[in-house]
Amino acid sequence: MTILFIKSIPGLNGVELLVGLGSMALGTGSMAWYWYKGAPYFKMPEKIDPPRAVLALQQMEELL
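Caption draft 1: Quick peek at the overall build of the chain. Scanning the chain from N- to C-terminus turns up three helices and zero strands. Counting from the amino terminus, helix and strand elements in the chain follow one another as α-α-α. For the chain, the C-alpha atoms occupy an extent of roughly 60 × 25 × 20 Å along the three principal directions. When burial is assessed residue by residue, the chain has 5% of its 64 residues classed as buried. Accessible surface computed for the chain: about 6,200 Å², of which carbon and sulfur atoms make up 70%.

In structure tokens form, the structure reads like this:
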């Protein structure tokens with residue numbers, strides 16, 4: 001999306017450019033803030049071995 005925005009800059013007027021840059025700043029700023037705070041969204045999932053995953057799925061199926 002950033003590349004598309006950069007390529008479209010020459011065709012934008014002042015208000016459109018301000019809205020685009022402001023939106024990108026809000027999104028990037030909030031993403032950086034939550035990454036810094038250690039939000040679970042940015043953490044890598046733990047690796048589990050396949051037999052343990054199959055067992056967990058079977059147990060969940062039994063509960064349904």
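Caption draft 2: Seen up close, the packing of aromatic side chains. Evaluated as defined, the whole model comprises two aromatic pairs. For the pair W33 and Y36, a centre-to-centre distance of 6.4 Å together with 40° between the ring planes defines the contact as tilted. Within this pair, W33 and its partner Y36 are both found in helix 2 (residues 14-37), separated by three residues, close to a single helical turn. A relative accessible area of 48% means that W33 is categorised as partly exposed. A centroid spacing of 5.1 Å and a plane angle of 90° characterise the contact between Y41 and F42, whose relative ring orientation is edge-to-face.

Caption draft 3: Region of interest: the confidence of the model for the chain. Considering every residue of the chain, the mean pLDDT works out to 87; 100% of them sit at 70 or more. Averaged pLDDT values for the elements of the chain fall to 84 in helix 1 (residues 2-8) and rise to 91 in helix 2.

About the criteria used
- Residues numbered from 1 in each chain as written.
- Predicted model: local features only at pLDDT ≥ 70, side-chain atom pairs only at ≥ 80, totals over all residues.
- Heavy atoms only, no water.
- Helix = DSSP H or I, 4+ residues; strand = E, 2+ residues; numbered from the N terminus.
- Buried < 20%, exposed > 50% of the residue type's maximum accessible area, 1.4 Å probe, protein only.
- Areas by Shrake-Rupley, 256 points an atom, 1.4 Å probe, with all protein chains shown as cover.
- Phe/Tyr/Trp six-rings, centres within 6.5 Å; stacked < 30°, edge-to-face > 60°.
- pLDDT = per-residue confidence, 0-100.

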